[in-house]
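# Residue-level structural notes
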Amino acid sequence: MLKNPSVYIIGAGASGLASARVLEDNGYSATVLEAEKKIGGRLQTDIIDGYALDHGFQVLLTAYPAVNKYLDLASLNLAYFQPGAVILSNGRQSVMGDPLRQPSMLLKTLLSPAASVKDKFLIYRLTRHLKAKTINAIFDAPEISTLEYLKAYGFSHVIIENFFMPFFTGIYLEDKLSTSSRMFEFIFKMFSQGRAALPANGMHDVAQALARPLARSAIRTSTTVVNIEPDNRRIHLESGEVLEADYIILATNTDKVLPGYHTERILWKKCTTLYFKVAHPASNQQLIGLIPDPDTLINTLSYAQRVDPQKDNEVMLSVTIVKEHALEDKELIEKVKEELLQQCGFTNLRFVKLYHIPKALPDIKDVLYVPKNVTVSEGIFIAGDMLANGSLNAALLSGDYAAKALIEQHRSVMDQQR
Ligand SMILES: Cc1cc2nc3c(=O)[nH]c(=O)nc-3n(C[C@H](O)[C@H](O)[C@H](O)COP(=O)(O)OP(=O)(O)OC[C@H]3O[C@@H](n4cnc5c(N)ncnc54)[C@H](O)[C@@H]3O)c2cc1C
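Residues numbered from 1 in each chain as written. Predicted model: local features only at pLDDT ≥ 70, side-chain atom pairs only at ≥ 80, totals over all residues. Heavy atoms only, no water.

### Details of the domain arrangement of the protein chain
Threshold: These domain boundaries are the output of an automatic or database domain assignment. For salt bridges, the criterion is a side-chain nitrogen of Lys or Arg within 4 Å of an Asp or Glu carboxyl oxygen. In the analysis that follows, any N or O atom pair within 3.5 Å is treated as a polar contact, provided that within protein one partner can donate a hydrogen and the other can accept it, and provided that, for residues neighboring in sequence, both atoms belong to side chains. For helices the rule is a DSSP run of H or I covering at least 4 residues; for strands it is a run of E covering at least 2, with both sets numbered from the N terminus onward. Amino acids outside the nonpolar list (Ala, Val, Leu, Ile, Met, Phe, Trp, Tyr, Cys, Pro) and the charged list (Asp, Glu, Lys, Arg) are all regarded as polar, and Gly is one of them.
In terms of domain boundaries, the protein chain breaks down into domain 1 (7-43 + 203-266 + 366-417) and domain 2 (46-199 + 268-362). Once you take the C-alpha centre of each, domain 1 and domain 2 turn out to be 30 Å apart. Across the domain 1-domain 2 interface, the total number found is 2 salt bridges. Between Asp 366 and Arg 182 there is a salt bridge whose closest N-O contact spans 3.8 Å. In this structure, the connection of domain 1 to domain 2 is made through 9 residue pairs in polar contact (both at pLDDT 80 or more). Among the elements of the structure, helix 1 (14-25), helix 9 (204-211) and helix 11 (392-417) are those that each provide at least two residues to the side of domain 1 that touches domain 2. If one sorts the elements of the side of domain 1 that touches domain 2 by residue count, helix 11 sits on top with 6 residues. Along the lines of polarity and charge, the residues of the side of domain 1 that touches domain 2 split into 14 nonpolar, 6 polar and 9 charged.

Below, the structure is given as C-alpha cells:
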C-alpha cells in the first residue's frame, strides 16, 4: 500500500463531492467518476427563458449543520423564503407564518382560518421545544409516524389537514405523513433555526459550490462504472477501461455496481414538477404555496429564481405533484392548469417544462442522523443519503463519514507496514 493511494469516488452528487473535500482536507486526492454529463446528482437545474428550473422543487435549509460545514453560503447568492406558507384554496389565501421571526406576519397568521388559536400556541411551544432539543436527542427518540406525533401533540385536524399535511408532503414526498417523527422534529427544528433558501442560479449551484474548492481532485463526467471487483478493487467502466484502485467510495446506490451487497433493495419516492410562465403572481413570491384540498393533484407552488435580470411582467411558477395519478403528460398539464385556475385564479398560463423525478428521495424506515456501516470491506466504502435520511444534510454527512473511514483504514495499514 502506497503513501499516496489511488482513490476513486463513484458519483459526483453531494455525498461524493463531500467525500472528495474531506479527503483533500486530509492530504489525499481522489478521482471522481460521474456517469452523467454534469456533476450534482439530484441537484440539477436548467436555465430556461432566463429562469432557474430545478429538477424537482427543493430548498436549501441554512441551519443544516453539514451545509454550514461544507458550503460557503455567501457564494450562493441565496434568495430566502419567508418563514411560513400561504395556503391556497378555491381562490382564497391564508398565511401561516412565523410571526416571531417576521413580525409583519403576526396579524395575518392570527387571523388565518387554517388553524385554531390553540394550534397557533402549540406551534409556538413546539418551536421552543425543538430549538432546545439536540439533534442527537431527536434521533435517539423512539419513532412514530409524523401523523401520530402531530395528533399526540394536540394539533387539531384543521391545522393538520390545511398546513402540516401539504407542507410535509412536499418535503417527504409522501402524502400520508407516515414518515418518522424523528425526521419531522429534525426538519421542523431546521426550519425554526434557519431559513429556507434557493441559490440565485438554482440548486445545481450547490454542487458547483461543493466542487469549486477541490484543488487536487479530478472529476471525470460521462464516465459510467459498470461494476467493481470487490476482491482486487478493479473498476470496470462502460467504455471498457479498467481502473486499479487502492480505495473506492461508492457514493451512490450500490445495487448495480456492487451486486448482492445490499440485502434490501432501496425503495424510492417520486415527484413531478411542472413549470409555467404566468403574467401575475397569485401570492407573495417569497412564500411557499400549499394546496390542501385532498382532491387536488397539486401539492406545492413556488416561483423559480429569475437568472436573467432583465425585467418582464411574468413569473415562472413551479408546481409539484406528489399524489399518485395515471395521467399522461398532456392530460397532467391540462389538469394542473385547471387546478391553478380553480384554486389560485391563474389564467393565461404558458406551459414551459415538466420533470418526472422517479428517484427523488430514498424511502427509509429506520431514519438516522449519521450513516451506519459506511465500510463495506477492505478498501471499499459507501456514501449517499440513503444511508441515513433523505436530505442534503445526510448526503454531505455520509460523504464525510465514508472519507474519514477510508482515512482511518489507510492510516492503520500504514502503521502496520512501519
Ligand atoms: C425533487 C427533490 C426534492 C428534494 N428536496 C430536498 C429538500 O428540500 N431538502 C433536502 O435537504 N434534500 C432534498 N432532496 C434530497 C437531496 O437532493 C439529496 O439528498 C442529495 O442531493 C443526494 O445526494 P447523494 O450524493 O446522496 O446522491 P445523488 O445526488 O443521487 O448522487 C449520486 C451520483 O452518482 C452517479 N452515479 C450513479 N451510478 C453511477 C455509476 N454507475 N457510475 C458513475 N456514476 C454514477 C449519479 O449520476 C449521481 O450523480 C430532494 C431531492 C429531490 C430529487
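### Notes on the pattern of salt bridges
Condition: Here the term buried applies to any residue with accessible area under 20% of the maximum for its type, exposed to any over 50%, and partly exposed to those in between, with areas from a 1.4 Å probe on protein chains only.
This model, assessed by the stated rule, comprises 18 salt bridges. The salt bridge partner of Arg 182 is Glu 143, with a shortest N-O separation of 3.6 Å. Residue Arg 182 is found in helix 8 (residues 181-193), and its partner Glu 143 is found in the loop between helix 5 (135-140) and helix 6 (146-153); the two are separated by 39 residues along the sequence. A relative accessible area of 12% means that Arg 182 is categorised as buried. The salt bridge involving Asp 175 is made with Lys 176; its shortest N-O contact spans 3.0 Å. Owing to a relative accessible area of 25%, Asp 175 belongs among the partly exposed residues under this scheme. Given the relative accessible area of 56%, Lys 176 is considered exposed.

### Details of the environment of Leu 61
Short version of the rule: Any two residues having at least one pair of non-hydrogen atoms within 4.5 Å are treated as being in contact.
For Leu 61, the location among the structural elements is in strand 5 (residues 60-61). Among the residues examined, Leu 61 registers a relative accessible area of 2% and is labelled buried. C-alpha of Leu 61 to C-alpha of Cys 344: the two residues are 283 residues apart in sequence and 27 Å apart in space. Excluding anything up to four places from it in sequence, Leu 61 contacts Val 67, Ile 187, Met 190, Phe 191, Arg 195 and Ala 196.

### Considerations on the nonpolar core
The following threshold applies: To form a nonpolar core, buried Ala, Val, Leu, Ile, Met, Phe, Trp, Tyr and Cys residues must be joined to one another through side-chain atoms within 4.5 Å.
The biggest cluster of nonpolar side chains holds 105 residues, and the ones touching the most others in it are Leu 23, Leu 60, Phe 155, Phe 163, Phe 164, Ile 228 and Ile 235. Per-element accounting of this core gives the leading share, 10 residues, to helix 11. In terms of domain composition, this core takes at least three residues from each of domain 1 (7-43 + 203-266 + 366-417) and domain 2 (46-199 + 268-362). Ignoring any residue separated from it by four or fewer positions in sequence, one finds Leu 60 in contact with Val 67, Leu 71, Leu 73, Leu 76, Leu 78, Arg 195, Ala 196, Ala 197, Met 203, Val 206 and Leu 392.

### Observations regarding the site of the ligand
To keep it simple, the criterion reads: We call a residue near a given molecule or strand whenever any one of its heavy atoms falls within 4 Å of it. To be clear on the numbers: accessible area is Shrake-Rupley with a 1.4 Å probe, and residue cover counts the displayed protein chains and nothing else.
The full set close to the ligand counts 33 residues, and Ser 15, Glu 34, Tyr 64, Asp 385 and Leu 392 are the nearest of them. Contact between the ligand and Gly 41: an oxygen atom at 3.3 Å from a main-chain N or O atom of the residue. In the model, an oxygen atom of the ligand is placed 2.9 Å from a nitrogen or oxygen of the Gln 58 side chain. Protein burial of the ligand: of its 1000 Å² of free accessible surface, 90% is covered by the chains. Of all the secondary-structure elements, those providing two or more residues to the shell around the ligand are helix 1, strand 20 (350-362) and helix 11. Among the residues making up the shell around the ligand, the classes are represented as 17 nonpolar, 12 polar and 4 charged. Among the domains, domain 1 (7-43 + 203-266 + 366-417) and domain 2 (46-199 + 268-362) are the pair contributing at least three residues each to the shell around the ligand.

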